[in-house]
There are 6 protein chains.
Amino acid sequence: MPLINVKLIEDVFTPEQKKQMIEKITDTMVEIEGENMRSVTWVFIEDVKQGDWGIGGKTLKASDVHSLQKGQAA
Amino acid sequence: MPLINVKLIEDVFTPEQKKQMIEKITDTMVEIEGENMRSVTWVFIEDVKQGDWGIGGKTLKASDVHSLQKGQAA
Amino acid sequence: MPLINVKLIEDVFTPEQKKQMIEKITDTMVEIEGENMRSVTWVFIEDVKQGDWGIGGKTLKASDVHSLQKGQAA
Amino acid sequence: MPLINVKLIEDVFTPEQKKQMIEKITDTMVEIEGENMRSVTWVFIEDVKQGDWGIGGKTLKASDVHSLQKGQAA
Amino acid sequence: MPLINVKLIEDVFTPEQKKQMIEKITDTMVEIEGENMRSVTWVFIEDVKQGDWGIGGKTLKASDVHSLQKGQAA
Amino acid sequence: MPLINVKLIEDVFTPEQKKQMIEKITDTMVEIEGENMRSVTWVFIEDVKQGDWGIGGKTLKASDVHSLQKGQAA
C-alpha cells in the first residue's frame, strides 16, 4: 500500500514508455507520501487486448489510440 | 464513470460475441443513466487463462464452460 | 465466470437504478452466452467516493455527473 | 484508456493529498502519452478499510502506515 | 507480488473472520511460494455493499448469505 | 461471493503451483465460511507480464522473483 494499477490497450505504448510510467508514477506517489513509503509503493500495468475496450460502445484498436494521440478523431 | 469490467475465460466466446457484450452493456447502461453519459461509459473485457479460474476449487477450461452452456454438467 | 464489475461514483444513482443495472446487465450477458450460464453470471457494483475520480485530472462530485446527465458541462 | 486505479488504506492521506495524487498522476501519464490523451486519462482512488490490508499476513491500521512514513517500524 | 484481493459482501463476516482470511491465505501462499516471499505477499479485503452483488441477476443481502451458509436456499 | 483474485508475475510459478493456489485458497476460505459456501467461492489468477510490475519503481522479471525466493537480493 499504496497500490497502483494501470490499464492500457496492448501495443499502444512501447516497453520503454511502460517502464517510464512505472518509475514516474512511483516517484509521484513518493513525493506525496514520503520517501519511507517507497518500498511499499507498487505499480503494475495490465494490457487489455485490442478490440476489447469500448468507449461509448465503440471498440478501440491500437491504431485508433495512435490517431487520438495525433489529434485525429479516433 | 461508469466503468464496466467484464472477466471471461479465454476462448469461450468469439470476438463477435465480445464485441456484442461491449455494445449491448453500453446500451443497457445508457438506457438507465441517459444518453449524455454515453461518451464516459467505458466497458472493457479481460480474459483469464484456461485453468486459472476455479469455482469451488475446481478449475475450468473453455470446454468445461461450453459443456455448461449446453446444459451438461461441467 | 462471467464476472462483471461496475464502478460508479457514490450518490449519482439511486438504489433502484443500481438494481436495474445488475438485472439488465445480467440479462444482456445471458442473451449472448445462453440461459444455462445465468447462475454463474455475477454482477457487482462498487462506489467510488465523490472527489476520488478524476477525468483528465479534474475530480468529480455527484453534482458534476448530474450536470453531465442533463447535458450541461461538468 | 489509460485507466489508473490507486488503492490506499483509509484515513492515511488527507483529501488534499488524494486530490494531488489524481492531478499529478494524470500529468505524469500525459507527459508520456501526449496532451491529446488527457480527456481519456482516468484516475480513481479506492480506500481499503483499516485492518483489511495485510502485508506478510500482518494487518495494517492507518497509525501503522503513519509510523512507517516517519521511518519507524510498522 | 503476489497480490491477493478478496471481495466480500459487507456484514457477512466478523472482523475476526476477516483477519483470519488475511492470515491464512498469506500462510497458504507462503507454503507454495516459499517463506522468503512472505514480505511481498499482500492480501487485502474489499466489502461490496449489501444489495450491490447479484448472482444470476438476483441481488444479495448479508442475510441471504447467512441463509446460504446454513444450507437454506438464499 | 466470496471472490478471490490472485495477481502473479507470469512464468514465476508452474501450472501445478497455480492449481494448488486455487485449490488451497478455496479450502482456506471454506474452513472459515462453512462448507455450504464452496460453490460460490471463486478464485481466479491473473498474470502480469514480466517487467510490468514495479516495487518501489524497480521493475521485476521472473528471474528477480526466483532470486528473491532463494533469499538472494532481487
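Since we're looking at a predicted model, the values are computed, not measured. Within each chain, residue numbers correspond to sequence positions counted from 1 in written order. A letter from A marks each chain and a number from 1 marks each ligand, given out in the order of writing. The predicted origin of the model limits local features to residues at a pLDDT of at least 70 and limits the giving and counting of side-chain atom pairs to 80 or more, whereas totals for whole chains, interfaces and linings rest on all residues. To obtain the side-chain values, all non-hydrogen atoms of the structure were included, while hydrogens and water were left out.

Trainee: How would you sum up the sheet that holds strand S3 (residues 53-55) of chain D? Please name residues and give values.
Mentor: One requirement defines pairing of two strands: DSSP has to find at least two bridges between them. In this text, helices come from DSSP runs of H or I with a minimum length of four residues, and strands from runs of E with a minimum of two, each type numbered from the N-terminal end. On the basis of which strands lie adjacent, the open sheet formed by 8 strands has the order S4(B)-S3(B)-S2(F)-S1(F)-S1(E)-S2(E)-S3(D)-S4(D) and mixed pairing. Each end of this open sheet is capped by a strand with a single partner; those strands are strand S4 (58-59) of chain B together with strand S4 (58-59) of chain D.

Trainee: Account for the interface of chain A and chain D, with residues named and values stated.
Mentor: By definition in these notes, contact holds between two residues if any of their heavy atoms fall within 4.5 Å. Listed by partner, the interface residues are 31 residues for chain A and 31 residues for chain D. Note: buried area is the sum, over both parts, of the accessible area (probe 1.4 Å) each one loses when the two are combined. Taken together, the two surfaces of chain A and chain D that pack against each other cover about 2,700 Å², and 74% of this comes from carbon and sulfur. Criterion for a salt bridge: a side-chain nitrogen of Lys or Arg within 4 Å of a carboxyl oxygen of Asp or Glu. Taken together, the connections running from chain A to chain D amount to 0 salt bridges. Of all the secondary-structure elements, those providing two or more residues to the side of chain A that touches chain D are strand S1 (3-9), helix H1 (15-33), strand S3 (53-55) and helix H2 (62-69) of chain A. At 10 residues, H1(A) tops the list of elements feeding residues into the side of chain A that touches chain D. Charged residues are taken to be Asp, Glu, Lys and Arg, nonpolar residues to be Ala, Val, Leu, Ile, Met, Phe, Trp, Tyr, Cys and Pro, and polar residues to be all remaining types, Gly included. Looking at the side of chain A that touches chain D residue by residue, the class counts come to 19 nonpolar, 7 polar and 5 charged. Judged from the 5 bridges that link them, S1(A) and strand S1 (residues 3-9) of chain D form a sheet pairing that is antiparallel. Its bridge partner being in S1(D), Ile4(A) is matched across the sheet by Val6(D).

Trainee: An account of the arrangement of the chains is needed here, citing residue identities and associated values.
Mentor: Regarding chain B and chain E, the two do not touch, and the least distance separating their C-alpha atoms is 14 Å. These two, chain D and chain F, are apart from each other, with no contact and a minimum C-alpha gap of 14 Å.

Trainee: Describe the side chain of Thr28(E), with residues and values.
Mentor: By the secondary structure assignment, Thr28(E) is in helix H1 (residues 15-33). Polar contacts, as counted here, are pairs of nitrogen or oxygen atoms within 3.5 Å of one another; within protein the pair requires one atom able to donate a hydrogen and one able to accept it, and residues that are adjacent in sequence qualify only if both atoms are side-chain atoms. From its side chain, Thr28(E) meets the backbone oxygen of Lys24(E) in a polar contact 2.8 Å long. Leaving out residues up to four positions away in the same chain, Thr28(E) has contacts with Lys24(F), Ile25(F) and Thr28(F).

Trainee: Go over the interface of chain D and chain C, please, and point to the residues and values.
Mentor: Every contact between the two is made by 15 residues of chain D and, on the other side, 12 residues of chain C. Summed over both sides, the interface between chain D and chain C buries roughly 1,100 Å², with carbon and sulfur atoms accounting for 54% of that surface. It is Ile22(D), Trp42(D) and Phe44(D) that lose the most area in chain D upon contact with chain C, and together they represent 40% of the buried surface on that side. Taken together, the links from chain D to chain C amount to 3 salt bridges.

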